[in-house]
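If you want the building blocks of each chain, they are given just below.
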Amino acid sequence: MKIKQSIVTAALVLGIGLSTTLMASDTLATVDGEKITKADLNTFLKQMQPGQPISYDMLDPKNKKELLDAYIEMELVAKAAQKAGMEKDPEFQKMLELAKKKLLINAYAKKQFESTVVSDSEAKEFYQKNMEKFKTPEQIHARHILLKDEKSAQAVIDQLKGLKGEALKKKFIELAKEKSTGPTGPKGGDLGYFGKSQMVLPFAKAAFALKKGEITLKPVKTQFGWHVIYVEDKRPSRVIPFEAAKAKIIAMLRQKRFAEKMKKETEALRKSAKITIEDTTAKAPSPKK
């Protein structure tokens, strides 16, 4: 993880000025009498790496030093800015007020989101009404040998005819490694599992028509060349069980409910407030008669 960054960038990323947590006992350094604690650096890290479960104690010695140095530099430059009277600068005051409003909104929205609840029964009801959304398509696990011309592809098929089971699979992998011009050649032509929509139409049509353990008896032409296809396994279409989908359903419904709640509250606030728009260019045009 890259910790070191410019002083200015560090200050902007943190966005919390010079405040330090004096209640914390783990003091790591002092700058002109101001304590820098682990709590301060953990807050710093949280701002630098949002959403990442990381703390000062989890860093290696080098990154700990870089993080502490960046924080010290931020403190020094912030103090210099204070001495220069930047706190009284009108533009700074406007930026500070805007930042305060954003922090208030974020804190308020976080509280509103935390109070938004979706029950298991609501998630189950959504699941039952939207079963089609939780279907996985049919998939196959296939291998292929890609060749430049039809004659070469047919020659490979002729070598594979009559073989079955493990003997067919073993020979197919051997020929794929030896003759395939595609990037999967070294892996025995292995394409892994895929659905119909993931492959070009001629290839998908031919591959999905095969049964498990079969090969194409005629070369398949696509824009990439001529293919010999072997189907190693097939997975039928299935419905994802509710328990496997529940967490994602609850998260989705919760986010949707939260957004609706905030929209209604914003609309209610606009209706109850006295709003006068002086800039005529910001007004919506009158509807045409």
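Refer to the preceding data block for the structure.
Described in the following lines is the structure provided in the data block. This one's a predicted model, so the numbers in the text were calculated from it and none came from an experiment.

## Notes on the packing of aromatic side chains
Turning to step 1, where the next piece is worked out: Counted under the stated rule, the structure contains eight aromatic pairs.
Turning to step 2, where the next piece is worked out: Arranged with centres 5.4 Å apart and planes meeting at 65°, the rings of Tyr 127 and Phe 242 form a pair that is edge-to-face. Taken together, the positions of Tyr 127 in helix H5 (residues 120-129) and Phe 242 in helix H9 (residues 242-272) put the pair 115 residues apart, joining distant regions of the chain. Grouping residues by exposure puts Tyr 127 and Phe 242 together as buried.
Turning to step 3, where the next piece is worked out: Between Phe 172 and Tyr 230 the ring centres are 5.4 Å apart and the planes differ by 35°, which places this aromatic pair in the tilted class.

## Digging into the pattern of salt bridges
Turning to step 1, where the next piece is worked out: Evaluation of the coordinates by the stated rule reveals 15 salt bridges.
Turning to step 2, where the next piece is worked out: In this structure, Asp 69 and Lys 65 form a salt bridge, with 2.9 Å as the shortest nitrogen-oxygen distance. Of this pair, Asp 69 and Lys 65 are both found in helix H3 (residues 61-83), four residues apart, which corresponds to roughly one turn of the helix.
Turning to step 3, where the next piece is worked out: What makes Asp 69 partly exposed here is its relative accessible area of 25%.

## Brief notes about the side chain of His 141
Turning to step 1, where the next piece is worked out: Among the secondary structure elements, His 141 is positioned in strand S4 (residues 139-147).
Turning to step 2, where the next piece is worked out: A polar side-chain atom of His 141 sits 2.7 Å from a polar atom in the side chain of Asp 190.
Turning to step 3, where the next piece is worked out: Contact partners of His 141, with chain neighbours within four places excluded, come to Asp 190, Gly 192, Tyr 193, Tyr 230, Val 231, Glu 232 and Asp 233.

## Details of unusual backbone geometry
Turning to step 1, where the next piece is worked out: A positive phi angle is found at Asp 32, which is not glycine, with a value near 50°.
Turning to step 2, where the next piece is worked out: Positionally, Asp 32 belongs in the loop between strand S1 (27-31) and strand S2 (34-37).
Turning to step 3, where the next piece is worked out: By relative accessible area, which is 65% here, Asp 32 ends up exposed.

## Here's the deal with the packing of helix H2 (residues 38-48) against H3
Turning to step 1, where the next piece is worked out: For the pair H2 and H3, the least separation of the axes is 11 Å and the interaxial angle reads 95°. One way to sum up the angle between H2 and H3 is to call them roughly perpendicular. The segment H2 lies against H3, with Asp 40, Leu 41, Phe 44, Leu 45 and Met 48 engaging Leu 67, Leu 68, Ala 70 and Tyr 71.
Turning to step 2, where the next piece is worked out: Residues that form the contact of H2 with H3 fall into these classes: eight nonpolar, no polar and one charged.

Thresholds, definitions, all that
Residues numbered from 1 in each chain as written. Predicted model: local features only at pLDDT ≥ 70, side-chain atom pairs only at ≥ 80, totals over all residues. Heavy atoms only, no water. Phe/Tyr/Trp six-rings, centres within 6.5 Å; stacked < 30°, edge-to-face > 60°. Helix = DSSP H or I, 4+ residues; strand = E, 2+ residues; numbered from the N terminus. Buried < 20%, exposed > 50% of the residue type's maximum accessible area, 1.4 Å probe, protein only. Salt bridge = Lys/Arg side-chain N within 4 Å of Asp/Glu carboxyl O. Polar contact = N/O pair within 3.5 Å; in protein donor to acceptor, adjacent residues only side chain to side chain. Contact = heavy atoms within 4.5 Å. Axes fitted to C-alpha atoms, helices over the stretch in contact; angles between N-to-C directions. Parallel < 35°, antiparallel > 145°, perpendicular 65-115°, else oblique. Nonpolar A, V, L, I, M, F, W, Y, C, P; charged D, E, K, R; others polar.

Honestly, that's just the spatial picture; any functional story needs more than this.
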